[in-house]
Structures are given as structure tokens and as C-alpha cells.
Amino acid sequence: MAFISKRNKRREREIQKALNNRLELVKEGFTRRDLIKMGLMTSAGVLIAKGGLTHAQWGGHNGSSCYGNNCNVGCSPQPAQVFIDPMPIPPELPARPLTDPGLTFGAAPQQFPFNTINPATGLPYEGRGQYNGTLRPGTDFFQFFTQYPTQKYYVERIRANNNFRFTSDTNIPAQTIWGFNLGGSATSDVATMPGPTVVSHYQEPWLIRRYNELPTQSQNGGFGVPEMSTHLHNFHTAPESDGGPCRYFFRGQYFDQYFTGQQAGFASTHQPNGDINESLSSLWYHDHRIDHTAENTYKGLAGFHLIFNQFDTGNETTGFRLPSYPQYDVPIMLNDKLLDPSTGLLCFDSFNFKGLLGDIQLANGIIQPFFNVSQRRYRFRVLNGGPSRFYELFLTDPLTPSTQIPFWVIADDGNLLPTPIQVTSIRLGVAERYDIIIDFNAVKSLIGSHTKVRLENRLIQDDGQGPSCDLFSAGQGMSCVEFRIGSPVTDNSVNPATHPVFYQLPSVITPRITRNFNFDRDNGQWVINGKFANCNELRFTVKQNSAENWLWSNPRSDWQHPIHVHLEEHQILSRSNNGGRRFSYSHHSRRAGPGSPDWRSHGDCAFGGGGGGISTTRPNVPNVEVSRKDVTRLQANEDVKVFFRFRDFQGDWAMHCHNTIHEDHAMMLLFQVQPGVTDNNQNP
Amino acid sequence: MAKMTRRNWLAVAGATTAAVGANSVFAQEPTPASTHNYNFQKISPRELIQRRHLPNVELITQDNQKVHFYTDLVKDRRVVIQFMFARCKDICPVITHHLVEVQKILKDRVGRDIFFYSITLSPEEDSPRDLKAYAKMHGVGQGWTFLTGKPDDILLLRKSLGFFYDDPKEDADRNNHSGMLVVGTEPLMRWAMCQGGAAPDWIATVIRTEADAPLTGSVDGIRQTDPAVRLKRAPQSPKDPNAMHRHGSMRE
């Protein structure tokens with residue numbers, strides 16, 4: 001190999017050596033805890049020299065360690081200090097008049113896509129109507145556009161920001177991220193991560209025009225493609241505005257997305273405004289470009305979208321009296337990232353197929369920030385923004401970690417529960433959300449003279465496949481945000497302990513059909529019912545305005561998948577352990593049986609409810625998941641039965657794993673909803 | 001309702017700036033040091049990808065030619081890379097068949113501006129002659145190179161490109177090897193994976209959307225006026241890293 005430089009050779013030897021070390025340890029069946037016990041690893045996670053391998057510090061045991069100084073867990077440069085920056089709250093996206101230049105460019109928003117060629121780009125002005133990047137003339141006009149006239153118009157420009165800081169610590173250099181701006185054309189209107197928060201109100205239909213102003217492909221800094229599809233995650237949306245995986249648009253184009261602003265059922269069971277019990281609260285928008293969602297969202301293309309109505313008003317003196325937005329109603333987007341040890345810049349491994357874990361923890365784009373709160377109730381809308389990590393979040397007093405600090409769940413996946421549920425932890429797969437109420441007055445009485453509590457992720461996760469069964473001890477996990485508790489202030493918000501009643505769960509009716517979906521792996525390729533993703537194949541057809549049960553199965557013991565379905569929410573009817581109809585290699589080699597060192601490190605241990613209990617009517621479903629959901633964790637060896645309605649719209653939507661790495665590789669299918677169709681395929 | 005603007009976001013987020021140090025109790029958190037002496041370098045992202053994922057190992061083609069993986073096969077090119085072995089009875093024939101179909105759909109682009117590479121997982125037993133016979137048996141056309149090499153080099157290549165499993169036992173089972181295809185445009189740092197088991201028309205669509213974005217016509221077939229189709233045959237060993245740009249194929 002005379003052509004390889006000495007430096008390359010040396011690095012290759014290092015890679016191989018580190019790999020061999022790691023594989024050797026894994027082969028021996030050692031867990032991180034065992035290694036600590038044996039004194040081979042320090043409590044900080046550094047593997048004591050065994051030929052130079054430095055082990056991952058966070059979430060890196062067994063699965064991934066810093067070898068070869070690569071873009072990998074354990075390798076990221078770290079800030080000298082954490083909790084030094086306040087947690088930012090994304091700005092609210094301003095509505096714009098139709099005369100705004102952002103809305104007059106090309107053509108004013110219209111029902112049919114404006115596909116006239118823009119001579120400046122050679123492409124249609126508007127990207128709506130494209131599928132697989134190619135124009136399909138005459139398609140993707142807005143459904144219900146004239147019945148529910150638009151009341152609010154918004155603009156966002158999707159851009160790079162080359163001077164974004166994850167921390168004020170200058171050890172970590174300024175970064176290039178891709179994000180959304182406030183809609184202005186001036187360069188001073190920079191893109192942020194998370195993007196601006198869109199705030200909507202039910203019965204006020206809105207339209208968002210997004211411009212793709214991303215850099216050229218060759219200016220991507222190593223990852224990211226400048227092609228976008230902006231999915232509004234959880235809204236009841238027609239395909240042309242949903243931002244699905246196959247409807248992406250290019251640099252130089254804009255894309256209008258119209259939303260009826262009505263609850264599900266508006267054109268079927270509950271005309272004309274929908275079922276109030278189908279109201280959604282905490283949504284988010286993110287890139288969904290097929291095969292590239294992981295890198296694009298990782299680069300920053302995500303933001304919150306909140307929707308209020310006459311009950312969930314954003315004002316704590318009216319309606320359900322939930323804490324007022326925005327002072328006491330705060331979205332928190334959690335992401336884990338990797339920084340390149342060579343350059344200090346955000347890095348992404350495009351050749352990773354199992355799932356990507358980071359060792360830099362962000363909340364609203366900042367490394368482990370603090371957040372000043374008063375002694376009163378706050379509503380936090382907590383989102384797992386991915387790419388692959390699962391979280392189990394606790395409140396921890398860093399000075400007395402053993403103190404159990406309860407809080408309240410009021411919404412699962414942004415959908416208000418019938419009534420609040422008290423918990424001590426919440427578990428979130430990628431894209432799951434919980435709205436929680438923390439009463440810092442009550443917290444203060446628990447922690448005495450102490451003034452800080454931290455939102456701490458204690459779930460042990462070795463690799464991108466899914467979490468282990470185990471938790472770190474309190475205070476030993478990763479703190480995402482530090483809350484600093486100030487003085488008491490007026491609190492007019494409802495006390496969850498009084499068991500206020502929110503929406504009723506929509507009724508579960510007899511389904512027209514039950515369909516089975518097996519999420520598996522075939523020669524390293526993701527399959528659903530043994531079949532592969534394909535934008536050109538609509539796998540099955542649901543009869544419009546009908547109800548179905550879907551049974552999702554995961555036959556594997558060491559992979560977990562947060563399954564997301566577009567169009568309408570589902571309810572979990574049951575969870576059950578299927579006994580592991582198929583064991584993976586890891587299962588055999590790493591889990592010999594009870595008593596073996598790795599018995600619990602991967603396996604069929606479902607989330608226990610976080611102290612909120614298990615439903616008495618829905619088998620093995622935690623009470624906090626007796627809700628309307630749009631993402632459900634399909635845990636190891638698990639069957640999950642869910643109930644769906646498919647109302648109002650026609651067209652095609654996606655179902656996919658929301659571990660964005662699995663999604664891109666490509667655990668996904670498309671289905672369609674059409675009237676008058678009888679597709680009785682139970683294993684589509 | 002109060003509007004949250006950019007001007008007041010930090011004000012709401014927290015007005016005090018009480019200093020807080022790292023708490024060493026938090027063993028699972030990255031250990032913050034009091035001072036850092038990071039000596040970050042300016043390395044182009046393209047070079048980092050090359051260093052980490054595209055090793056320049058020496059390989060041998062089915063025609064017994066020595067080639068270097070990065071400089072001769074990948075650099076400045078659009079590529080589709082997969083792993084197989086000649087005696088594989090299960091997945092390889094399926095994926096090879098799919099790629100033959102894809103090659104028909106892409107017509108003469110394969111070998112002109114898109115290059116297919118199949119790398120053996122069994123360098124010990126797959127000689128160039130075996131690979132040539134395999135290619136002939138499956139009706140493989142031009143622009144599709146089968147490769148073998150030293151076992152250590154193949155291993156490095158496989159791991160660098162992500163075609164491996166963490167579990168050693170699983171990884172050692174050749175019949176369970178990854179059926180993914182890596183689809184890349186090296187000079188543009190654009191890399192994707194596609195399932196080799198997927199329908200050929202979809203694989204072709206992925207390859208073309210990766211290669212030609214933004215598209216201006218149909219991708220399902222070669223009906224469109226495609227700037228890349230006009231591309232002259234790429235030089236075998238381009239010396240100029242911007243060669244593809246100058247040929248106009250990297251339309252942006």
C-alpha cells in the first residue's frame with residue numbers, strides 16, 4: 001500500500017486497534033457498569049488505557065467510543081463550563097399582509113401551484129406540485145381552500161446561519177447551521193435553530209410560504225442537501241400542505257402550505273369545524289426530504305408550531321387556565337449533537353445506518369442552558385428533536401439527587417389529556433412531545449434552601465438502536481436544562497392537583513379492518529411487512545372517513561422504533577410483549593439469560609409509566625399514553641395495537657420510523673385515503 | 001397575548017447571569033475542564049469525509065487492473081457502491097439483478113457520469129476471474145466495476161463505508177451482509193443510502209435525484225432534458241478536482 005501516506009496508515013492502525021479493543025470488550029459481555037466495577041473505567045467514562053482507546057463519556061458504552069478521533073460519541077470537544085447560557089425562547093413568527101414582498105413574489109398564494117418557470121432559475125416559481133423533484137402538472141391544489149378562507153399569512157426563509165453559537169464558551173467555535181428566519185428578505189433576518197415559533201388559533205386558517213434559500217450543495221459543509229420539505233408534525237393536513245417525504249422543493253423556489261385550521265372531523269363527523277376533542281396544541285415543523293431528513297434536521301431545520309383555541313387560550317385567566325403564553329408557557333426542543341474533534345464544528349456521519357447519538361446536549365439550540373423561573377406553575381412543551389436518542393426525563397436537585405420531585409403531564413404528543421397525571425418521569429422517543437406543568441412553588445418546598453433543579457435524562461442508551469432498560473442513578477445522567485428558582489409571583493393558572501378536566505378522548509369505534517405491520521430488518525435494510533420504501537408505491541388504500549386498527553410488531557429484542565403516522569392521531573389500545581419471535585444476533589451473544597451481565601442492557605422492558613400508573617382498561621398502556629398520539633414507541637419485542645380515524649382529506653401520507661437515521665434508510669411506507677375504496681389487505 | 005420578538009427573547013429567557021461552575025457530581029456529563037487548549041484546524045469537510053470514509057486502498061478489478069479506491073474510483077465522481085460475493089446464494093443475486101435493471105433504466109449514463117462498484121466481501125475466495133464470471137452471468141453492462149483486494153483493505157473499506165454491524169457474530173455472517181447501496185456525489189459531499197432490495201425503478205429514481213437535483217423534467221425514465229446526460233465521459237483519473245464542475249454536470 002505504497003500510495004497511502006504514513007499518516008493514513010497510522011490512523012488506520014489506530015482505528016483498527018480501537019475497534020478490536022472495543023469488540024473484544026463487547027465480546028466478553030462487559031457492560032459499562034462491569035468495567036467500572038473492575039476498575040477498567042473511571043466513573044467519568046474514560047476507559048483506562050488498554051492500548052489507547054478512550055471510551056465514550058456519555059451514552060457510549062458498548063456501542064460507540066471515540067476511536068480514530070472521528071465524528072463519534074466521546075470525541076466531541078466540550079465547553080469548559082455548562083449552565084452558563086440562558087435558554088433562548090424562539091421568537092414568534094410574525095403574520096404578514098398580502099402586500100408583503102414575500103407574498104407577492106411569483107404570484108400571490110393561490111389554490112393551484114404557481115408552476116410558471118422562473119427564468120432566473122429555470123425551475124417553477126413554486127415547488128408545490130413536484131413529486132420526486134419532478135413537476136406533476138395539475139396536482140397538489142389545496143383542498144378546502146375556498147371553504148375556509150385564509151386569515152393569516154406567514155413567510156419563512158430557509159437559510160444558512162454561519163455564525164451560530166451553541167454556547168458562549170469560546171472554546172467551541174461559531175457554527176454553520178441551517179434554519180428558518182422570520183420571513184424578511186434582508187440578510188440581517190438570520191435563520192435560527194430552533195426556527196421561529198408559529199402560533200395559530202383554531203378556526204383561523206393560515207398559509208405559510210417558505211423560500212428555499214439554502215446554499216448550493218457544494219457549500220453544505222460536509223452534510224445536508226439543499227432540498228426541503230417542511231412537515232407540520234401532527235397537524236391534520238392534506239398531502240399538498242403536509243410536507244411529506246416525496247414533495248420536496250429546490251433552492252430558488254418557494255412552497256405555499258395552506259392549513260384549514262379546523263379540528264379533525266370538520267368535513268365528516270363534525271362539520272363544519274371539527275371535533276373539539278381533536279384539538280392539537282404542541283406541534284413542530286421540520287424537514288422531511290426523503291433519504292436526507294436526518295442530516296437536514298440535525299443541521300437545524302426544525303421549529304415549534306403552537307395552536308390555541310377557546311379553551312387552551314394561552315391566557316391563564318380564561319378557558320382551561322393553563323399557564324400564560326409566552327411568559328409561563330415555554331417550548332423546549334432537546335437535541336444531541338456531535339462536534340468534530342478536528343475542527344470543533346458540527347459533524348454528522350452520513351455512513352451510519354443504525355442511529356446517531358451525540359455527546360453534546362442542546363436545549364433550544366444551546367448547550368445545557370439555565371432558565372430562570374419564578375415560584376409558580378409553568379407549562380413546558382418538551383420535544384425530543386432527535387436524531388436518534390430516547391430520553392427519560394426527571395427533575396433532579398443536584399445537591400440532593402435522591403429527592404423525588406413530581407410534576408404533571410397535561411398533554412402527550414401535544415394533545416391535552418382528559419385530566420393531568422402526576423409523574424416523576426416522562427419517556428420520549430424521537431419526535432414525541434409531552435406538555436408538563438412544573439409547580440416551582442411546590443418544588444421549592446421539597447428542596448428547602450436549594451434553588452436549582454435540573455431536567456435530567458437518566459435513560460442509559462448505548463447506541464442508536466434504542467435505549468437500554470436501565471437508568472442512571474439520580475444526578476448521574478445528562479442534565480438538559482437547569483431551572484433556577486426565584487421568588488414567588490402571582491399565579492392564576494389552574495392547579496393540576498384539583499383534577500381539571502380538559503378534552504374527552506374521542507370514542508373508539510369498531511374498526512372497518514385491522515391491518516398488521518411488522519417492522520423488521522432484512523440484510524441490514526429496514527422493511528415493513530418485508531417490503532421496502534418507495535415513493536412511487538402507495539402500499540394500501542384506506543377508505544375515507546373510516547376507522548381502522550393497526551397492529552405494529554417489532555420482533556427484535558434490541559431495536560426500538562418511534563413510529564409516526566401522518567394525517568391523523570391514533571390511540572394506543574394495547575401494548576404486549578410478543579416474546580421475541582425473532583432474536584437478533586445481539587440478543588444471542590449478549591443476552592444469555594437472567595443472571596448474565598447483560599441481561600437487562602437490551603431487551604423487552606417497556607416504559608413503566610414514570611410513576612403515572614398503567615391503564616386499567618388498555619393493557620400495559622401507561623396512563624400518560626392513554627391519549628391521542630402521533631408517535632408511538634414500538635419497544636423491543638413489542639406488539640402495539642392502535643386505533644385510527646382517517647377523515648376529511650384525500651391523498652397520500654407516510655408512516656415511518658422517526659429515528660431519523662432509520663427513516664432515511666428507509667423504514668417508511670406510503671398509504672392513501674380515498675372514498676369508496678375497499679382495500680382489505682390485512683398485511684399490506 | 002404578548003408577542004415574543006427576537007429583541008426580547010433573551011430577556012424572557014433569563015436576565016441574571018449568575019455564574020455556575022461544572023458540578024463534578026455529574027459523572028455522566030462530559031467532564032468540563034477549567035481551561036481548554038483545543039487546537040482546531042481548518043480542514044475542508046470534503047477532506048474529512050475522504051479521510052474517514054473513503055480510504056485510498058488498492059483494489060483489483062475483474063479485469064485484473066490495480067486501482068486505488070479514492071483517487072481512481074470515487075474522487076470527482078457520482079458513484080453507487082455495494083458489497084457482494086460471488087458465491088452468495090441469497091441476497092446478492094437479487095440486488096445484482098436489481099442493479100442490472102437499474103443500469104438499463106439509466107442507459108449509457110452508467111460508466112459515463114455514474115459509476116457502479118461492487119466490492120467482494122470474500123477477497124480470499126473471489127479472484128478477479130470469479131468476479132468477471134459473476135458479472136457476465138448476471139449480464140452486467142459497462143461502467144460497473146467488480147473489485148477485490150487484500151482482506152484487511154476490504155475490511156477497512158467496509159467499515160469506513162458503514163457496511164458493518166456492531167455485533168461481531170452478526171458481522172461475521174456473510175449471508176447477513178448489508179444490502180444497502182451507498183449513493184454518493186463525492187465532490188459535492190452528498191451521500192445517501194438506498195435499499196438494494198427496493199424496486200429497480202425506485203433505486204433508479206433515487207440515483208437520479210441524487211445525481212441531478214434540481215430536476216427539471218421526468219425522473220422515471222430518461223425522458224427529460226438533463227444537463228448531466230450531455231456530460232462527456234469523465235476522465236479516468238481526473239487531476240483537476242473541479243473537473244466535474246467544469247463539465248457542467250454539477251448544476252447548482
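Residues numbered from 1 in each chain as written. Chains lettered and ligands numbered in written order. Predicted model: local features only at pLDDT ≥ 70, side-chain atom pairs only at ≥ 80, totals over all residues.

What follows is about the domain arrangement of chain A. Residue and element names in this part refer to chain A. Segmentation of chain A into domains returns domain 1 (101-261 + 280-308), domain 2 (330-498) and domain 3 (513-674). Between the C-alpha centres of domain 2 and domain 3 there is a distance of 24 Å. Tallying the contact residues gives 32 residues for domain 2 and 32 residues for domain 3. No other element matches the five residues that strand 21 (residues 415-423) contributes to the side of domain 2 that touches domain 3. Tallied by class, residues from the side of domain 2 that touches domain 3 come to 12 nonpolar, 13 polar and seven charged. (Domains from an automatic or database assignment. Contact = placed C-beta atoms within 7 Å. Helix = DSSP H or I, 4+ residues; strand = E, 2+ residues; numbered from the N terminus. Nonpolar A, V, L, I, M, F, W, Y, C, P; charged D, E, K, R; others polar.)

Before going further, it helps to spend a moment on helix 6 (residues 151-160) of chain B. All names here are of chain B. Among the residues making up helix 6, those that are buried are D153, I154, L157 and S160. The buried side chains of helix 6 occupy one side of the element, clustering within an arc of 130° when seen end-on. Buried-residue contacts for helix 6 involve helix 2 (45-53), strand 1 (58-61), helix 3 (69-74), strand 4 (115-120) and strand 5 (144-149). Immediately beyond the C-terminal end of helix 6, within one or two residues, lies G162, with a positive phi of roughly 85°. (Buried ≥ 20, exposed ≤ 12 C-beta atoms within 10 Å, placed from the backbone. Arc of directions from axis to C-beta.)

All names here are of chain B. Contact geometry of helix 4 (residues 91-106) with helix 8 (residues 200-212) gives a least axis separation of 8 Å together with a crossing angle of 55°. One finds that helix 4 runs oblique with respect to helix 8. When the axes of helix 4 and helix 8 are compared, the crossing they make is right-handed. Between helix 4 and helix 8, the residues in contact are H98, E101, V102, I105 and L106 and P200, D201, I203, A204 and I207, respectively. Among the residues forming the contact of helix 4 with helix 8, the class breakdown is seven nonpolar, one polar and two charged. (Axes fitted to C-alpha atoms, helices over the stretch in contact; angles between N-to-C directions. Parallel < 35°, antiparallel > 145°, perpendicular 65-115°, else oblique. Left-handed = near helix turned anticlockwise from the far one by under 90°.)

In this sheet, strand 8 (residues 206-212) of chain A lies alongside strand 5 (residues 152-164) of chain A in parallel orientation, the contact comprising seven bridges. Paired with V155 of chain A across the strands is R209 of chain A, a residue of strand 8 of chain A. (Pairing = 2+ DSSP bridges.)

It is worth spelling out unusual backbone geometry at this point. Glycine aside, a negative phi is what most residues show, and trans is what most peptide bonds show. Residues and elements named next belong to chain A. Cis geometry is found at the peptide bond from Q271 to P272, where omega equals 0°. You can see P272 is positioned in the loop between strand 10 (254-259) and strand 11 (282-287). The amide bond that connects Y325 to the next residue, P326, takes the cis arrangement and shows omega of 0°. Within the secondary structure, P326 is located in the loop between strand 12 (302-308) and strand 13 (329-339). Backbone geometry at D291 places phi at a positive 70°, although glycine is not the residue there.

Here we come to the sheet that holds strand 22 (residues 426-428) of chain A. All names here are of chain A. Spatially, the five strands line up as an open sheet ordered 17-25-24-19-22, and their pairing is mixed. This sheet does not close on itself; its edge strands, each paired only once, are strand 17 (370-375) and strand 22. Strand-to-strand twist of the sheet, defined as the mean angle between neighbouring strand axes without regard to direction, takes the value 25°. For strand 24 (residues 452-457) and strand 25 (residues 478-488), the ladder comprises six bridges, and the chain directions are antiparallel. Bridged to V453 within strand 25 is F483.

All names here are of chain B. Most of strand 7 (residues 190-195) sits out of view: six of its six residues are buried. Bridge analysis of strand 6 (residues 180-185) against strand 7 gives six bridges, and the strand direction is antiparallel. What sits directly across from V182, in strand 7, is M193. Linkage of strand 6 to strand 7, two consecutive antiparallel strands, is achieved through a turn of four residues, within which M189 is found at a positive phi near 55°.

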